[in-house]
Amino acid sequence: MSVPNEENLSSHSQLSSHFFLDLLDSIIVDVASECHRVARLGLDSNLEEEDEELKLSAQARVRVADPSNSNEANGKYVVDIFGQTHPPVANEIFDCMNCGRSIMAGRFAPHLEKCMGKGRKARLKVTRSSTAAQNRYSRGSPSPGSTYSPYSNYSTNSMNRLANGTSTFAGEEHSNGTLES
Amino acid sequence: MLPRNPSYTNPEPCQHLAEYKLKHGFNGYKAIQKLLVTSPIGKTSVKKPNTKVPRCGFCNGCEGRFYLCLICSSFSCLDHTLLHPQSESGHAVFVDIERTELYCGVCRDQLYDPDFDQVVMSKHSMGVAGGATGNESIGQRLIKRRRLVSGIVGLDLQKSKCRVSTKDLRGKSCYPLGLRGLNNLGSTCYMNSVLQVLLHAPPFRDYFLSGGQRLEACHHRRATDLMCCLLCDVNAIFSAVYSGDRSPYSPAQFLYSWWQHSANLACYEQQDAHEFFISMLDAIHEKEGKTRNGSKGNGDCQCIAHKVFYGLLRSDVTCMACGFTSTTYDPCVDISLNLDTDVSSTEKGKKLTKQNEDGSMSTLSGCLDLFTRPEKLGSDQKLYCQNCRERQDSLKQMSIRKLPLVLSLHVKRFEHSFVKKCSRKIDRYLHFPFSLDMTPYLSSSILRARYGNRNFTFGGDQSDMFSEFEIFAVVTHSGTLESGHYVSFVRVRNQWYRCNDAWITVVDEATVRASQCYMIFYVQKTLHNKANEDLSHVPNSPGRDLFLPIAGCC
């Protein structure tokens, strides 16, 4: 009984292999037919040009990668085509259209950003001012009605107290007297 | 007879096909048409006979490919297709029932006949009635667009006749006008590189150098109101660069106007050249379009930005169940392309050849193929098919309905991954040709390829007459995503120059070909040749004649 089973397995394997080859042949013929039509009707007339362009690109990359063949001396210029040389930062001077101040060309964009009150740094400046105002307000709250000068005195007084290590009434008077002089 | 499609090469029919058509006319074709079965996505095959499995009439075999004789309607396998004409005189023409291709049993070759292709395509038109109606309306729009295209070309050619000023303050006459460095005002290389390209785009340049009437009126208004006008400042840049003065020019006035106009871009940080290019054209359209058009649509806009850079993209969404196609059109001033990092093995044979030859090189044609490849939409994007009246799987395919005078191609090198929450720059080399034929990416070519490249003129989208382009500028990017540098190369009279902010230097073709392109600019070949001719005939001072280089033909 094992012999018929082996034959069945072999037959199934051959059959599936046969079907697979049929499908593969069909796909290959489809691709071949498409390419044949494209070639005969001239729809790939640019293929040779494309190949030539690709060769030029390959040659170009080889030449540029070769340091001994470099056209520019280490990528740094000596003079341009007009015989001119230029500094790293453009040094032409002109007046800002917004505020009228004289500005060097290479620094015009950062200047204009602040001048017009736009962009990144302008926002940072505003934020810093807000923080300062907030700090001033919070420090002022322990002493309501105080002016700027008493604030400074208060701070010094506090330092003296800490230095002395005592909180006697006589000490306080002494500190006040020192500050007054 | 159908008008001959210019992009096709009509091969001479073999004598057997000629004799068949002479004797039998179109009877065989019409009989075959009744047997054709069209699939929703464009493939055609011949219906099987009543018995499920076709069999060869001679050997009764049922393997391999089958061919149907156009005279006696008998089926033959490939071997007996070659024997059939020998036993039956005149029975030489067959049809491959799997692919609906003509085949000659004597010449042993596939045949191509425009009449047969028309018969096959008519079957497709019967299948999708909605599409046919759409084609007719598209055809009406086509006539209008052709006039527009012709008008634009004529108009710009006339403007090319205006002469450029021959004033040369510094006497450096061996280089053509229009070459002048632009000072970097502080991380403004993105602006300088795009401005250099615009300064050398033939139709755009000719418009500004000829001096529009509107600019005078605007200048007058500006003097009184102290308003900033972007167009006047662009005009000022053109005047300065083409004045003959060769010291680097500071586009400070333009930057001031630009930052007033685009508050969101008024920032010292490094910016994207492509974003600047798009915003710049939008600004020009906004300034000039309103006065010229009276708020018409983009398609008929007469501003210089749209006349030069306007193109039309076509998007087809096809139901995979019934073949109904929904078509939409989107205007564009440039085309953004993904880099073709993987050449798919399902590509056509010629791509496989390229793949073997070039390893893993990316090419511009590969990117354009990727752009125009059919893409299956995801399950969340199922199309509601008007024909099926339910949501179905669908294919989406892009093509170019109308090409601009200046074609701007943008390579997406700055990639943002939403999954990884990070951005990176793709430094992959991309090959780009100096001459580019855009015919394969036109809507007519894409439609033709969808239906098996039949020799058939689609009613709506005929081939654009101006699809040959020549390169004139490249914007390259080096460095990283956070800190990089833009440099542009411009081609003037077939000589390449590198424009690195204030530095203008001569480079050879190899340097340009090997560069890492970010934006590539092509102009239609007719305009390119015209521009070269005009420039070479610019009146010169006597001292300059000795040094004028000879302008070569493309």
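Cut-offs and rules
- Residues numbered from 1 in each chain as written.
- Chains lettered and ligands numbered in written order.
- Predicted model: local features only at pLDDT ≥ 70, side-chain atom pairs only at ≥ 80, totals over all residues.
- Heavy atoms only, no water.
- UniProt positions renumbered as here; feature names shortened; annotations may be inferred.
- Helix = DSSP H or I, 4+ residues; strand = E, 2+ residues; numbered from the N terminus.
- Polar contact = N/O pair within 3.5 Å; in protein donor to acceptor, adjacent residues only side chain to side chain.
- Contact = heavy atoms within 4.5 Å.
- Buried < 20%, exposed > 50% of the residue type's maximum accessible area, 1.4 Å probe, protein only.
- Pairing = 2+ DSSP bridges.
- Axes fitted to C-alpha atoms, helices over the stretch in contact; angles between N-to-C directions.
- Left-handed = near helix turned anticlockwise from the far one by under 90°.
- Nonpolar A, V, L, I, M, F, W, Y, C, P; charged D, E, K, R; others polar.
- Salt bridge = Lys/Arg side-chain N within 4 Å of Asp/Glu carboxyl O.

- As annotated in an unreviewed UniProt entry, chain B carries the name ubiquitinyl hydrolase 1 and is attributed to Glycine max.
- Regarding chain B, the relevant UniProt record gives this comment under Subcellular location (unreviewed entry): "Nucleus".

- In the nomenclature of an unreviewed UniProt entry, chain A corresponds to SAGA-associated factor 11 from the organism Glycine max.
- Comment text from UniProt for chain A, heading Sequence similarities (unreviewed entry), reads "Belongs to the SGF11 family."

### What about the side chain of B:Asp437?
Thinking step 1. Of note, B:Asp437 is situated in strand β20 (residues 435-437).
Thinking step 2. One polar contact links B:Asp437 to B:Thr439, side chain to side chain, over a distance of 2.7 Å.
Thinking step 3. Residue contacts for B:Asp437: discarding those within four places in its chain leaves A:Asn46, B:Ser467 and B:Glu468.

### Some words on the environment of B:Lys48
All names here are of chain B.
Thinking step 1. Mapping Lys48 onto the fold places it in the loop between β2 (44-46) and β3 (66-69).
Thinking step 2. The class of Lys48 is partly exposed, set by a relative accessible area of 35%.
Thinking step 3. Placed 49 residues apart in sequence, Lys48 and Ile97 show a C-alpha to C-alpha distance of 8.2 Å.

### Some points on the pairing of strand β22 (residues 484-492) of chain B
Residue and element names in this part refer to chain B.
Thinking step 1. Of all 9 residues making up β22, 7 are buried, and the element is well covered by its neighbours.
Thinking step 2. In the sheet, strand β21 (residues 468-479) pairs with β22 via 7 bridges, with the strands oriented antiparallel. Looking at the pairing, Ala473 lines up with Val490 of β22.
Thinking step 3. Connecting β21 to the antiparallel partner β22 that follows it, the hairpin turn spans 4 residues.
Thinking step 4. Sheet analysis places β22 next to strand β23 (residues 495-500), joined by 5 bridges and oriented antiparallel. Directly across from Phe489, in β23, lies its bridge partner Arg498.
Thinking step 5. Taking the residues between adjacent antiparallel strands as the criterion, β22 and β23 are bridged by 2 residues, where Arg493 takes a positive phi near 50°.

### Regarding the packing of helix α3 (residues 108-115) of chain A against helix α10 (residues 252-261) of chain B
Thinking step 1. Between α3(A) and α10(B), whose axes approach to 11 Å, the crossing angle comes to 35°. Once α3(A) is placed against α10(B), the crossing between them reads as right-handed. Residue-level contacts link A:Phe108, A:Ala109, A:Leu112 and A:Glu113 of α3(A) to B:Ala252, B:Leu255, B:Tyr256 and B:Trp259 of α10(B).
Thinking step 2. In terms of residue class, the contact of α3(A) with α10(B) is built from 7 nonpolar, no polar and 1 charged.

### A look at helix α6 (residues 189-199) of chain B
Thinking step 1. Of all the 11 residues making up α6(B), 11 are buried; the element is thus mostly covered by neighbouring parts of the structure.
Thinking step 2. Residues B:Cys189, B:Tyr190, B:Met191, B:Asn192, B:Ser193, B:Val194, B:Leu195, B:Gln196, B:Val197, B:Leu198 and B:Leu199 constitute the buried set of α6(B).

### Focus on the pattern of salt bridges
Thinking step 1. In the structure shown here, the tally under the stated rule is 21 salt bridges over all chains.
Thinking step 2. Close ionic contact of B:Arg513 with A:Glu53 constitutes a salt bridge, the shortest N to O distance being 2.8 Å. With one member in each of two chains, B:Arg513 in helix α16 (residues 509-513) and A:Glu53 in helix α2 (residues 47-65) form a pair that bridges those chains.
Thinking step 3. With a relative accessible area of 5%, B:Arg513 lands in the buried category.
Thinking step 4. On the basis of relative accessibility, which here comes to 11%, the residue A:Glu53 falls in the buried class.
Thinking step 5. The shortest N-O distance in the salt bridge between B:Lys525 and B:Glu468 comes to 4.0 Å. Remark: B:Glu468 occurs in strand β21 and B:Lys525 occurs in helix α17 (residues 525-536); sequence separation between them is 57 residues.
Thinking step 6. Its relative accessible area of 37% is what places B:Glu468 among the partly exposed residues.
Thinking step 7. Through salt bridges with shared partners, a single ionic network connects A:Asp30, B:Arg65, B:Asp96 and B:Arg99.

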